[in-house]
Amino acid sequence: MRFRTVGMICERVVAEELDPKRLENLFLVGVDEISYRKHHNYLTLVTNHETGKIIYGAKGKSASSLDGFFNDLGPERSAEIKAVTMDMGPAFAKAFTDHCPDARICLDPFHVVKLGTEALEEVRKDLWRQMRKLPSPEYARKFAGARWALLKNPGDLTERQNETLYQIKRTGGKLWRAYEMKESLRAVFAGDLSNDEVNELLERWCSRAARSRIETFVRLSKTIRTHKAGIMAAIELGVSNGRVEGLNTKIRSIIARCYGLHSAEATLALVMLSCGPIDLKLPYERAS
């Protein structure tokens, strides 16, 4: 009962204090989803990149989750949005394409590199499962310890992890080729190349991955080619979803404190209280 009361208080305060001008002068926004409970319960959040504040939230992670945002925004203000950052999910892209087709959809290169890391991890896990079938479990145990040597950036490796990576390189094979694919993809987005160079090298990488006969990287090459326009838009405009991802870290902490607030509305209200455009003042701070 007390959690329900707390949730209702949060919702009431947000309804009264949320900045009514939060949807004015929106030019660059970011959209992302975040899980607030188990069993695939999500919130969709929209962030104003210029202020770093969450300006809209709704339950779910489909295109319709943004209907309220565009209804509040209206056609004229929707047309003012120049670019939106997001991940590669199709739902949010469809919503923005439908409501503000002139806005450039920017897909954060960080997510592309993350997909490369995940593709490498799938190769490692597959090889580890094969090693577990061997008569001696020692091989699988040693190989399990190679995870961080493969996934971490080379400059962050410990001495022991460097030695492990060297042994993998000496052995060669599919795992080392997958590691090289991951690292070469990361190098494309290191930030020291021109837009044209990134475009050319990314196309070369996709061609190499498509011929690699490593299934996870063949799939990744198709994904990158499908979304290449959005990836290059992020590079050309110099934008990323970093601010949104940073907010997500804070929001996960808030959600952990929301244990007991079972409704999406109450959880969202607490998120908006902490990360939205709300300037709360105690009664004695208000002008008389």
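Values in this document were obtained by computation on a predicted structure and should not be read as measured data. (Residues numbered from 1 in each chain as written. Predicted model: local features only at pLDDT ≥ 70, side-chain atom pairs only at ≥ 80, totals over all residues. Heavy atoms only, no water.)

## Quick notes on the overall build of the protein
Keep this limit in mind: Strands are runs of DSSP state E lasting at least 2 residues, helices are runs of H or I lasting at least 4, and numbering of each runs from the N terminus. Buried means the residue's accessible area, taken with a 1.4 Å probe over protein chains only, is under 20% of the maximum for its type, while exposed means over 50%, and partly exposed covers the values in between. Contact between two residues is taken to exist if any of their heavy atoms lie within 4.5 Å; hydrogens are not considered. Residue exposure ignores everything except the shown protein chains as possible cover, and the areas themselves are Shrake-Rupley values with a 1.4 Å probe. Residues scored as charged are limited to Lys and Arg (positive) and Asp and Glu (negative), so that His and the chain ends carry no count. Where a charge lies is defined by one atom per residue type, namely NZ (Lys), CZ (Arg), CG (Asp) and CD (Glu).
Counting its secondary structure elements, the protein contains 13 helices and five strands. Projected onto the principal axes, the alpha-carbon positions of the protein cover approximately 75 × 45 × 30 Å. Counting the 288 residues in the protein, one finds 41% classified as buried. Of the contacts formed within the protein by residues at least 6 apart in sequence, a portion of 60% connects residues at least 24 apart. For the protein, the accessible area works out to roughly 16500 Å², and carbon and sulfur atoms hold 52% of it. Distance between charge centroids for the protein: 9 Å, based on 45 positive and 37 negative side chains.

## A few points about the sheet that holds strand S4 (residues 83-86)
Using the following cut-off: Each pair of strands is called paired provided DSSP finds at least two bridges between the two strands. For helices, the axis comes from a line fit to the C-alpha atoms of the stretch in contact; other axes are also lines fit to C-alpha atoms, and the angle between any two N-to-C directions lies between 0 and 180 degrees.
The five strands lie next to each other as S3-S2-S1-S4-S5, forming an open sheet whose pairing is mixed. This sheet does not close on itself; its edge strands, each paired only once, are strand S3 (53-59) and strand S5 (104-107). If you compare each strand with its neighbour and ignore which way they point, the axes differ by 25 degrees on average.

## A short note on helix H7 (residues 159-171)
Condition: Between the first and last residue of a helix there are one fewer steps than residues, each counted as 1.5 Å, and that sum is the expected span.
If you check H7, its first and last C-alpha atoms are 19 Å apart, about what 13 residues at 1.5 Å a residue would give, namely 18 Å. Each element contacted by the buried residues of H7 is listed here: helix H6 (147-151) and helix H8 (173-188). With its phi angle positive at about 70 degrees, glycine 172 sits one or two positions after the end of H7.

## Section: the packing of helix H4 (residues 109-132) against helix H10 (residues 215-226)
What counts is decided by this rule: When describing relative orientation, an angle under 35 degrees is termed roughly parallel and one over 145 degrees roughly antiparallel, while 65 to 115 degrees is termed roughly perpendicular and anything else oblique. Crossings are sorted by hand: turned counterclockwise from the far helix by less than a right angle, the near helix makes the crossing left-handed, and turned clockwise it makes it right-handed. Any residue that is not Ala, Val, Leu, Ile, Met, Phe, Trp, Tyr, Cys, Pro, Asp, Glu, Lys or Arg is counted as polar, Gly included; the first ten are nonpolar and the last four charged.
Close contact between H4 and H10 brings their axes to 9 Å; oriented N to C, the two are set at 165 degrees. It follows that H4 is roughly antiparallel to H10 by the angle criterion. In the crossing of H4 with H10, the sense of the turn from one axis to the other is right-handed. Every residue of H10 that contacts H4 at Val112, Leu115, Gly116, Ala119, Leu120, Glu122 and Val123 is listed here: Thr216, Phe217, Arg219, Leu220, Thr223 and Ile224. Grouping the amino acids of the contact of H4 with H10 by side-chain chemistry returns eight nonpolar, three polar and two charged.

## What about the pairing of strand S1 (residues 28-37)?
With three bridges joining them, S1 and S4 adopt parallel strand pairing. The residue of S4 that forms the bridge with glycine 30 is threonine 85. Pairing analysis gives eight bridges linking S1 to strand S2 (residues 41-48), with the strands arranged antiparallel. Counted as the bridge partner of arginine 37 is asparagine 41 from S2.

## Structural notes on the packing of helix H9 (residues 195-210) against helix H11 (residues 228-237)
Remark: H9 packs on H11, axes separated minimally by 10 Å, with the N-to-C direction vectors making an angle of 150 degrees. In terms of their interaxial angle, H9 and H11 are classed as roughly antiparallel. Between H9 and H11 the crossing geometry is right-handed. The segment H9 lies against H11, with Asn195, Val198, Asn199, Leu202 and Glu203 engaging Lys228, Ile231, Met232, Ile235 and Glu236. The residue inventory of the contact of H9 with H11, partitioned by class, reads five nonpolar, two polar and three charged.

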